[in-house]
Amino acid sequence: MSGAERSHPWWYDAVVYQVYVRSFADAMPAPGDGIGDLPGITSRLPYLRELGVDALWITPFYTSPQKDHGYDVADYTDVDPLFGTLDDIDRLLETAHGLGLRVIVDLVPNHTSDQHAWFRAALAAAPGSKERARYIFRPGRGKDGAEPPNNWDSIFGGPAWTRVPDGEWYLHLFDTSQPDLDWRNPEVGDMFEGVLRFWLDRGVDGFRVDVAHGLYKEASLRDQVRPKKAKKSAESMVERVLNDEPMWDQPEVHDVYRRWREVLDSYPGDRMAVAEAWTQTAASMAMFIRPDELHQAFNFGWLGTPWSAEAFAEVVNDSIAAVAAAASAPTWVLSNHDVERHPTRYGGGPVGLARGRAATLAMLALPGSAYLYQGEELGLEQVDVPPEARQDPSWFRTGKPGRDGCRVPLPWSGDAPPYGFGGPAGTQPWIPQPADWAPLTVAAQDADPDSTLAFYKRALTARREVFAGADEETVAHVDGDVLVVRRAGVSVVLNAGTYPAALPEGEVLISSGPLPGGVLPPDTAAWIR
Ligand code: NOJ
């Protein structure tokens, strides 16, 4: 099928660019306060248009004490003054739509902030009250109830329960400041339907659903049988083990998404939702995208794949097979604001960057939609943020570096911090930028046809030209150390080995690096027709 004949909704094969609001661009109050904001994003929308993405996903900008940088929401229907106003989001939406860009916003339904009116009321009310029933409060175990109600751990380290002065405990799968809602209470579902409608009425094109697999916990709240260690099985290159997870991926959660799908479908314009669901298998991920549920789910299998042609091929084939039954399309992602940036994961330095570009080129050839994380188009690596500048709640709970290193504000121009990010000249933004980032700025890379930015622009243009509307079956296989994907009459090859490999016959449409002597060097990918 040619691009002109395509019948899929926009999100089906969209390239979506993730904007981490604090770290994208800072415009207010002029000249900026070192923290990115909505007017900053609006000012840089032409950059995203020129880069060639179809949509942006903006991380939470709602009223929040910022304990987890917005994933702790105190008011779901207002903008935090740190990031602007409701007028600013209206202007952002209008400008994006004027440029042909769709906008996805983040929705955080698993937990609120401890500053949300509901949680404040819950703390002020007595055990057993209707205010407490919106969250998961329980008596403790052991003598005087001094032990937590079960053995669950917080994702950010330490126990998942905190005790309040009257002796009850409340559940928080993340930070203490992020109490989990009780989705078995109908008030919670009604509240979120209102939130969905609020943002849909304002014109957003979709939602990224935070912790989408977490809303329901097994009703018994029983102890977890502790996780086993992941092992490679004989048949699989990918580490797999199925853990006992009474806190995740419960069957009741799917009723929530059936309700949301009806709401989304009642609006014009192909409104959509993408699930952040760290499920244990591709098959359970696919349950979230059944035809009457959400439209997409992030495919974290691709992100977690080791540098191996066999592992890549396995994930490609498994992911495509898993979503086929759901009549949706796969998604692909290499980086986001929660994981180490992929050039660093792939070894860092020139090798890490070459691999990162190769994995990106392979990803952009795959069917379905691709999610890019801000700064990957500049080849940014994970930054070793000095301990005194770290802000991730997991750092405070575990003493481990956490996620700040992938959240460093973007370098736009100039020779020194803040590199055009915004804020007074000569000052550092909320996480300090490295002193050696001058060659990585957008301005520097725009001037260099061999830059990673220039490569991303070429790759996104080539994707539209070569694969728009391609509906043929896609199959991945391995030839020696080379991943080979056949799609739309094109061979996509990625050399994950240590020796040069033969290039297939045909016209080279694009490559992730030089192809000296007509061979495919290690850590390089190409599209051949
Ligand atoms: C997933 C988000 O991506 C992450 O940044 C956040 O800390 C947790 N969910 C909790 O909301």
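Predicted, not measured: the structure shown is a model, and the values here were computed from it.

Let us look at the overall build of the protein chain. When you go through the protein chain residue by residue, the secondary structure sums to 14 helices and 22 strands. In summary, the protein chain has a C-alpha radius of gyration of 23 Å against a globular reference of 24 Å for 529 residues, a match within 12%. Each principal axis of the C-alpha atoms in the protein chain carries an extent, and together these give about 75 × 55 × 45 Å. In the protein chain, which comprises 529 residues, the share counted as buried stands at 59%. Sequence-distant contacts, at least 24 apart, represent 66% of the contacts inside the protein chain between residues at least 6 apart. Summed over its atoms, the accessible surface of the protein chain is roughly 20000 Å², and 54% of this surface lies on carbon and sulfur atoms.

Axis separation between helix α11 (residues 349–364) and helix α14 (residues 452–467) bottoms out at 10 Å; the angle between their running directions is 15°. Judged by the inter-axis angle, α11 sits roughly parallel to α14. Helix-helix and strand crossings are classified by hand; for α11 and α14 the assignment is right-handed. Facing α11, whose interface residues are Leu 353, Arg 357, Thr 360, Leu 361, Met 363 and Leu 364, α14 presents Thr 452, Phe 455, Tyr 456, Ala 459, Leu 460, Arg 463 and Phe 467. Of the residues assigned to the contact of α11 with α14, the class counts are nine nonpolar, two polar and two charged.

The next point concerns the site of the ligand. Within the structure, the ligand sits among 13 residues, and Asp 68, Arg 208, Asp 210, His 337 and Asp 338 are positioned closest to it. At a separation of 3.0 Å, an oxygen atom of the ligand approaches a polar side-chain atom of His 111. Taking His 337, its side chain carries an N or O atom lying 2.8 Å from an oxygen atom of the ligand. Protein contact buries 97% of the 300 Å² of open area that the ligand shows by itself. By residue class, the composition of the shell around the ligand is four nonpolar, two polar and seven charged.

As a further point, take the sheet that holds strand β15 (residues 369–373). Pairing is parallel in the open sheet, where eight strands are placed in the order β13-β12-β9-β5-β2-β1-β15-β14. Where the open sheet ends on each side, the last strands, each with one partner, are β13 (296–297) and β14 (331–333). Direction of pairing for strand β12 (residues 272–275) relative to β13: parallel, over a ladder of two bridges. Within the sheet, the bridge partner assigned to Ala 275 lies in β13 and is Ala 297. Helix-sheet contacts for α14 involve β1 (15–19) and β15, and the interaxial angle to β15 is about 165°.

So, how was this worked out
- Residues numbered from 1 in each chain as written.
- Predicted model: local features only at pLDDT ≥ 70, side-chain atom pairs only at ≥ 80, totals over all residues.
- Heavy atoms only, no water.
- Helix = DSSP H or I, 4+ residues; strand = E, 2+ residues; numbered from the N terminus.
- Rg over C-alpha atoms; globule rule 2.2 N^0.38 Å.
- Buried < 20%, exposed > 50% of the residue type's maximum accessible area, 1.4 Å probe, protein only.
- Contact = heavy atoms within 4.5 Å.
- Areas by Shrake-Rupley, 256 points an atom, 1.4 Å probe, with all protein chains shown as cover.
- Axes fitted to C-alpha atoms, helices over the stretch in contact; angles between N-to-C directions.
- Parallel < 35°, antiparallel > 145°, perpendicular 65-115°, else oblique.
- Left-handed = near helix turned anticlockwise from the far one by under 90°.
- Nonpolar A, V, L, I, M, F, W, Y, C, P; charged D, E, K, R; others polar.
- Near = heavy atom within 4 Å.
- Polar contact = N/O pair within 3.5 Å; in protein donor to acceptor, adjacent residues only side chain to side chain.
- Pairing = 2+ DSSP bridges.

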